[in-house]
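Report on the structure
Each chain, written out:
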Amino acid sequence: MKKTYNNRKYVVITIFLVVGFLFIARLFFLQIFDNSYILSANKNALRFVTNYPARGLIYDRNNKLLVYNEAVYDLMVVPKHVKEFDTAELCNLVGITKEDVIQKLQKAREYSPYAASIFEKQISKTNYGYLQEKLYKYSGFYVQSRTLRKYPLSVAAHTLGYIGEIGTEVTDSYYKSGDYIGMSGLEKYYEPVLRGQKGSKIVMVDAFNREKGSFHNGIYDTVAIAGEPLYSTLDVDIQAYAEQLMKDKVGSIVAIEPATGEILTMVSSPTYDPNLLVGRVRGQNYNKLLVDPTKPLFDRALMAVYPPGSIFKIIQSLVGLEEGVIKESTAFPCDKSLLGCHNHPNATSLKSAIKMSCNPYFYQVFRKEIQHGLASDRFTDSELGLNLWSDKVLSFGLGQRLGVDIPNVKKGRIPDANYYDKIYGHHAWAFSTIYSLSIGQGEMGIIPLQMANIAAIFANRGYYYTPHFVKAIGKNKSINPLYLKKNLTKVSDKYFQVVADAMYEVVNEPGGTASQARIDSIIVCGKTGTAQNPHGEDHSIFIAFAPMHNPKIAVAVYIENAGFGGVWAAPIASLIIEKYLTKKIKRKDLEERMINAKLMSKH
Amino acid sequence: MREQKNILGNIDWVMVGIYLLLVLLGWFNIYSAIFNENHKSIFDITQNYGKQLMWILTSVLLALFIMAIDSKFFSQFAFGIYGFFLLLLMVVLLAGQTTNGAKSWLGFGGFGIQPSEFAKFATNLALAKYLSSSDINIKDLKTKIYATLILLIPTALILLQNDTGSAIVYAAFILVLYREGLSGNILVFGLIAAILFILVLLINKFIISGIILAVALIFIYFIRKNRRGIITVVIFLVLTIGFVFTVDYLFQHVLQDHQRQRINVLLGKEIDLKGAGYNVNQSKIAIGSGGFWGKGYLNGTQTKFNFVPEQSTDFIFCTIGEEWGFLGSFIIVGLLIGLLIRIIFIAERQRSPFSRIYGYGVASILFMHIMVNIGMALGLLPVIGIPLPFFSYGGSSLWSFTILLFIFIKQDSYRLNLL
Ligand SMILES: [Zn+2]
């Protein structure tokens, strides 16, 4: 009888069951006990993608668009997915050479074979159109859109500023490497308003980093919030006109609405087309501008500290009146042994001294302001006098950083006793050391914005609103309360009218230094300046406001190395005023002469 | 007329039912694993899920064909069929196509089959036929040699094709031999060998040999009065240490680099998540992220987004684990093991030894596939590419498993007609 082994089926079945049990136990461990696999799976399949918001738009005071965003397209490549393609055609479409293609592909491959890298940055809209039609032929290539700043009128480059890729110095955790941030001008100052809020999106990706749709239908996604618009105070027509007038000249024009402190225009010349600092040509253009000897990137209106020259005499007058050391009727002879002067009749009153801009007259005024006889020795006397003087001068917004909404504004310099003590030593200087200040020369320095602000103070007869570039922020049009605050000077209101009358005479009476600024239909008040410049020709300066009563515009024009203030700066300022107040220019000859004047060659 | 009624009445509908269920679930899983947005229809013939439906339908035709032909056909022509497929295996070696490093495909103009898949049921037929011959006793050395030859010839041919996975499956026949009377020691030796194998790879071969020697010496000390016992222990000692060194030599010098790497990764000696360890790691992540309930049908991210390679063939279990979770995986494992046990019970009720031995062969082959495939997906076994029966995509494998199973179902339905 053959032995039967049918009990062995139990051994076999046991083996099957043991393996089955091992599987179940392992499944329990992987799927229920150990949670780390869920995390790994998410890390595998989920990508956190940033949604970039559109940057806020910037408008001028009449709601004309100054800055908007334009879509550009980056051609991306995932090297691992690239199949054979028509190299010549791609070169044509993108505008690069065959060597470029090979090099770019190699670079992308070195970065990562599976992750996308930028193959060609910022393809133009037209090229994108052609490319889009053919892209299906290029496996592994795709297009990603981004936005660039665009300046339809190509003006106000310094004011608007530019944006650039974030540097290492920014520590704000909001930004990631490669993000764009405002680097200068309004773009920098209003960065938090303009940038909006980045959103994030979780997308599922496959093993090759290809997007496969949103995660859980996007319940964890946040929407990007677009940047808020800025409503600037600039008048784009005046801005463009001022830039045109400053062509081939070095210097600045700043115009302010006196009643509000709103900056109507600000030109720093030479300037540049803001569209140059955008997109893939940015780096190249930036370097070109950087090495340009005329320094087009330098914002002279806010950063060039100039001697104010004779325009300072109107402040000198007010300080004298306030301190009671002169009266409206005070007369000093034009004693050229004290300070050089041009030939003119002796000033018989303060007004006539201003009108004729007599240097020795203001030497005397300043001497009286410094030497009060408060102390027996002249050093102490000068020290006390200068501090009283500088205290009043500072209240005109000088020697201090105006709260304008652009970063990196210079303070300028109004020296006080402390300042001279540092140079010469305590009690080692007196009036005789510092008399140049009397005519706005010497250690004194003022930026063009402050000059325009002085004009605004005289237009207002005694106060100013902090000059600013933005009158409403965002959709709810909020405004910085700083710009609603009236700043008073330390000179009584009652003294201003005298000087304003003198400024009227400067322009409108025979013998005035700025007859070229006269406009038939508008009463312009102003003061010329001609600042001596050790490096070359004098600087031509003019500040003005108009109309005389209820002024609408205060303007400062500063032209480097152009000579007399009355010859260049005054007519240019009057053209700005005429253009702003009447919207057209009647004095065509003058306009043409000013536009065509090339004053840079004297540099 | 009575016979006609019996055919249908005697078919084991449990096996047929599990078969159909597994095949359909497999099809749905393939659809989910390689789902293509542009070809959403599960019937789309340009996609593998559409093709799998074709394989399923032709498999059903094959099954019907097997049920229709005479029940004695397979036992009568067992050696003929065996011979035919050995011939095909040789043809493949000469004229086959190479896929994934294995030369295992025979092409007939755009259409290919894998003879190694079919060789399994053919070998099973031949072994069953041989062992069921009336004058056979498995205790005889001659029988052992012939049985071993029947198994070794196709194994060797498949190894020559560089298809290690398919060759390993033939080890499953040890269970058949065991059931037919081969000493149970073979299973014990097999287990000891497996443990030694892993220990040698994990620990230095000299340390292992030292431990074995120490154990043997202690053993000899206790049985020092028994000379025969001592001789047995010494022989055992020499064989074991010989095995240890052989394994080490084989591992270091015979295995190919990628095979050695896969084993090292499995043993945790090498961590290489981008290279050899990538598949297994991704597979574990996919299954592990399924949790208890799974992510839901068509909602798997890991399998769908190509993190797991070969997800419609060797790693199909990942889709099950990820989308159906622990619950679904449990049910699938349950169904597969259930089918194996059902086959064993049915085999035991056969009157004809041929049918019984064939049945054990079916269970053993399926078992080996299931163990290696799921074990690999779960990171319990090294990466060996063999399909999960009825689930994995592929015409040859589905056809061969269908033939394998339905020959058995056919035999079983006729068990009452045999004396
Ligand atoms: Zn004079």
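None of the values given here were measured: they were computed from a predicted structure.

Analysis parameters
Residues numbered from 1 in each chain as written. Chains lettered and ligands numbered in written order. Predicted model: local features only at pLDDT ≥ 70, side-chain atom pairs only at ≥ 80, totals over all residues. Heavy atoms only, no water. Helix = DSSP H or I, 4+ residues; strand = E, 2+ residues; numbered from the N terminus. Buried < 20%, exposed > 50% of the residue type's maximum accessible area, 1.4 Å probe, protein only. Contact = heavy atoms within 4.5 Å. Areas by Shrake-Rupley, 256 points an atom, 1.4 Å probe, with all protein chains shown as cover. Axes fitted to C-alpha atoms, helices over the stretch in contact; angles between N-to-C directions. Parallel < 35°, antiparallel > 145°, perpendicular 65-115°, else oblique. Left-handed = near helix turned anticlockwise from the far one by under 90°. Nonpolar A, V, L, I, M, F, W, Y, C, P; charged D, E, K, R; others polar. Donors = N, O, S within 2.8 Å, 3.2 Å for Na, K, Ca; no water. Tetrahedral: all angles 85-135°; square planar, octahedral: opposite > 155°, others 65-115°. pLDDT = per-residue confidence, 0-100.

**Structural notes on the overall build of chain A**
Each helix and strand in chain A was counted, giving 21 helices and 18 strands. Within chain A, the proportion of its 603 residues that are buried is 55%. Counting contacts in chain A only where the partners sit at least 6 residues apart, residues at least 24 apart contribute 69% of the total. For chain A, the exposed area adds up to about 26,800 Å²; of that, 53% sits on carbon and sulfur atoms.

**Description of the overall build of chain B**
Within chain B one finds 17 helices and three strands. The 419 residues of chain B split such that 53% are buried. If you take every contact in chain B between residues at least 6 apart in sequence, the share linking residues at least 24 apart comes to 69%. A total of about 19,000 Å² of accessible surface is found on chain B, and carbon and sulfur atoms cover 69% of it.

**Some words on the packing of helix α1 (residues 8-33) of chain A against helix α16 (residues 353-377) of chain B**
As a packed pair, α1 of chain A and α16 of chain B sit with axes 11 Å apart at the nearest point and diverge in direction by 20°. By the angle class used here, α1 of chain A and α16 of chain B are roughly parallel. By crossing handedness, the relation of α1 of chain A to α16 of chain B is classed as left-handed. Across the interface between the two elements, K9, V12, I15, F16, V19 and F23 of chain A from α1 of chain A touch Y360, A363, F367, I370, M371, I374 and G375 of chain B from α16 of chain B. Taken together, the residues that form the contact of α1 of chain A with α16 of chain B break down as eleven nonpolar, one polar and one charged.

**Here we look at the coordination of the zinc ion**
Geometry reference: four tetrahedral donors at a metal, ideal angle 109.5 degrees. Six octahedral donors, ideal angles 90 or 180 degrees. Residues and elements named next belong to chain A. Here the zinc ion is held by the protein donor atoms C334 (SG), C341 (SG), H344 (NE2) and C358 (SG), which lie 1.9 to 2.4 Å from it. Around the zinc ion sit four donor atoms; with metal-centred angles ranging over 101 to 129°, the donor geometry is tetrahedral. Each donor residue of the zinc ion lies on one chain, and together they are spaced C-x6-C-x2-H-x13-C. Taken together, the residues H344 in the loop between α12 (313-323) and α13 (350-356) and C358 in the loop between α13 and α14 (359-370) connect sequence positions 14 residues apart. H344 gets classed as buried once you look at its relative accessible area, which sits at 15%. For C358, a relative accessible area of 0% corresponds to the buried category.

**Quick look at the confidence of the model for chain B**
All names here are of chain B. Across chain B, the average pLDDT comes to 83, with 88% of residues at 70 or higher. A low-confidence stretch, residues 1-5 (pLDDT under 50), is modelled with two contacts involving residues beyond four sequence positions or located in other chains. For this predicted complex, the interface score ipTM comes out at 0.88, alongside a pTM of 0.61.

**A few points about the packing of helix α15 (residues 316-348) of chain B against helix α17 (residues 395-413) of chain B**
All names here are of chain B. Following both chains from N to C, one finds α15 and α17 inclined at 35°, their axes separated by 11 Å at the closest point. The two elements α15 and α17 cross, and the hand of that crossing is left-handed. From α15, I343, I346 and A347 reach across to α17, where they touch L405, F408 and D412. For the contact of α15 with α17, the residue count by class is five nonpolar, no polar and one charged.

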